[in-house]
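Observations on the three-dimensional arrangement
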Amino acid sequence: MVTNVIYLIAIIMAGGITTAMAIHLWFNRKILEQDFSIYLVVFLWVWITAQIGECLAGPLGLKVVFYKIKFISISMVSVYLLGFAFHHFRGTHRFTPWVMAGIAFPIVFCQIFTLLPYFEPLVWSKFFISPNNLLLDIEPAAGYGVYNIYNIIFLMLAYVLLLAGVLSPRGAKRVQLMPFLAAGILSFSAAMADYFLKEGIFYYRTMPIALSISSLTVIYYLRLRYFRTIPLAQHAVSQSMTDGLIILNPHNEIMYANPSAFELFHRPTEAVIGRPLDSFLGGLTPFLAETDAEFDPDRDRTALIQGKSFDVNLSVIRSRRGAAMNKIVVLRDITRLTRVEQRLRELTNELEKKVAERTKQLEDSNRALQAEVDERRNAEDRLKTSLEEKSVLLGELHHRVKNNLQVVSSLLKLQSHYISDPDAQELFAVSVSRIRSMAMVHEKLYKSDDLAHTHFGQYLHELVHSVIFSLSKSSERFRIDLAIDPINLDIDKSILTGLIVNELVMNSIKHAFPETPGGGGGGTNDIAVVFRIEDGEYVLEYSDNGAGLPSGFSIEHSDSLGMKIVATLVRQLRGKIEIVPHRGMKAVIRFPVRKD
């Protein structure tokens, strides 16, 4: 009986201390590092509480419920201990508390089902109270071994990682891992002792005491780290701050000030602490008087203190019910920054003034430029109107020249009707053809949008057919082959080149293909004209398959008027003519594209 009382007092004290410290950590968990420490403490506390309930409960059924809750909590402890080891040794954040809860869910879910009588025999065959009347003894079933293997695997993996972290020469968190490793080894050793030596120690289990000690070890470490080390570090930081830090009570009385703030007071500590802040720094009075409705932590506040400008950062520490407990005032000297900003504003104003002056100059220049542009546009409009008028006049001129040439051509044709001499009639016909070739040039010009150039391909096509139609009694006996590149010629070259082709065609009709059956070709009478640009020169090739030229023929010494005219026209074009050996007659004329 005495042993039971001592055992109960030991585990109740351990459980009570663990509970109090765990509750303290839970309410202050916001300042803890976001790891698995707090979850380990919570589930250890659940285990110890369930153990106390198992000891104090009288009926067997109630003891069984506490035993099963204890069994569930130890599974969560093993999983979260592994997550803690992964987080600190491997440095990975993938194993979050929620991930580890998901890993533990299947086995914990199955354990929760054992609270139902139907599933209980799958894990425990029988429950009975041990001889000391405090704890339970069990006869395990198949599922019990599965749960134990599950927990042992996670615990052993966690111990290996913790031990590797402690023994690692580069372990940055060695000191942090050692309490957890020691607590885990102590609990695991107690569990093994309870399993193998339970009858040798009077059926009392050491596991509750070991877990309580382990929990206290972890909690003490967390308290030491977060509730002693952090305040000391915060104090060291505040003491070394270049900004002034002042902590006030709800009545705006000074509770703490760091050395940078004391430099503003010019008084010893005992003369400042406990006194209202506005009695020393009156420039802060408007900010301290702000009500809760007016208070905005993000508001920009600037105060003038002892001739210097300070940026004032004001924050409020509130209780859990929202009541203001303390005010924290941080003063940052921005005098130099203010002077720089003032100088920057002055430079900005000067720059804006210069920009305004330059803008006015540019506007004046733009107005003058716009006036010049308008004047040029008007001049262009006048020039365009003048050009249009000249184009109309030039077109009319070409039209009248063409009409006059047609009149001359018609008069010559009428005159030829009164002449009976065939040679004279031929001369008239030749003259009419030459006049018509020049008239066609002017006709093409006044019908074209470009009054200075002709589309030479169309012109030659009409010219050749016109000459053949007017001089031959049977134009069907000729086959014309024209290969003219799309070239535009000016009026001078068009007239001269047209006259050359006119003379060559007339020469072919008159001499190469006489008006006799079969002509000079014995079949078809072919005339071919090629016109192209080659090596910066215009190339005109004229050929027929007629009777050909006599041997030793020279165009320069020919008695033919037509050939003399051709030679003269080629010289006017600054070109050269070459008679090429051919079946019939072939002449190649070259003249430059540009005038020299």
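The present account deals with the structure reproduced in this document. Since the structure is predicted, the reported quantities are computational estimates derived from the model, not experimental observations. (Residues numbered from 1 in each chain as written. Predicted model: local features only at pLDDT ≥ 70, side-chain atom pairs only at ≥ 80, totals over all residues. Heavy atoms only, no water.)

The next point concerns the sheet that holds strand 6 (residues 308-318). Two strands in a sheet stick together by hydrogen bonds in their backbones, pointing the same way (parallel) or opposite ways (antiparallel). Taken in spatial order, the 5 strands make up an open sheet running 4-3-7-6-5, and their pairing is antiparallel. Looking at which strands have only one partner, the edges of the open sheet turn out to be strand 4 (254-257) and strand 5 (302-305). Across the sheet, the axes of successive neighbouring strands diverge by a mean angle of 30 degrees, strand direction being ignored. Note that strand 6 and strand 7 (residues 324-333) share 9 bridges and pair antiparallel. Its bridge partner lying in strand 7, Ile 317 is registered against Asn 326. (Pairing = 2+ DSSP bridges. Helix = DSSP H or I, 4+ residues; strand = E, 2+ residues; numbered from the N terminus. Axes fitted to C-alpha atoms, helices over the stretch in contact; angles between N-to-C directions.)

Moving on, we come to the sheet that holds strand 12 (residues 537-544). Reading across from one edge, 9-11-12-14-13 is the order of the 5 strands in this open sheet, with mixed pairing throughout. The sheet is open, and its two borders are formed by strand 9 (478-484) and strand 13 (576-580), each paired with just one other strand. The sheet shows a mean angle of 10 degrees between the axes of neighbouring strands, taken without regard to direction. Sheet topology note: the strand 11 (residues 525-534)/strand 12 ladder contains 8 bridges and is antiparallel.

Helix length check: helix 4 (residues 97-113) (17 residues) gives 23 Å between terminal C-alpha atoms against 24 Å at 1.5 Å per residue, within 8%. Where helix 4 bends most, the angle comes to about 50 degrees, and this point is Phe 105, followed within four residues by the proline Pro 106. Among all positions in helix 4, only Met 100, Ala 104, Ile 107, Val 108 and Gln 111 are buried. (Expected span 1.5 Å × (residues − 1). Bend = angle between axes of the 7 residues up to and from the residue. Buried < 20%, exposed > 50% of the residue type's maximum accessible area, 1.4 Å probe, protein only.)

Of all 5 residues in strand 3 (residues 244-248), 4 are buried; the element is thus mostly enclosed. As defined by bridge partners, strand 3 adjoins strand 7 across 5 bridges and the pair is classed as antiparallel. Bridge pairing in strand 7 places Leu 248 opposite Lys 327. With 3 bridges connecting them, strand 3 and strand 4 associate as antiparallel partners. What sits directly across from Leu 248, in strand 4, is Ile 254. The hairpin formed by strand 3 and strand 4 contains 5 residues between the paired strands, and Asn 252 there has a positive phi angle of roughly 65 degrees.

With respect to the helices and strands, Gln 51 occurs in helix 2 (residues 37-56). For Gln 51, a relative accessible area of 1% corresponds to the buried category. Remark: the alpha-carbon pair of Gln 51 and Gly 15, spanning 36 residues in sequence, is separated by 9.1 Å.

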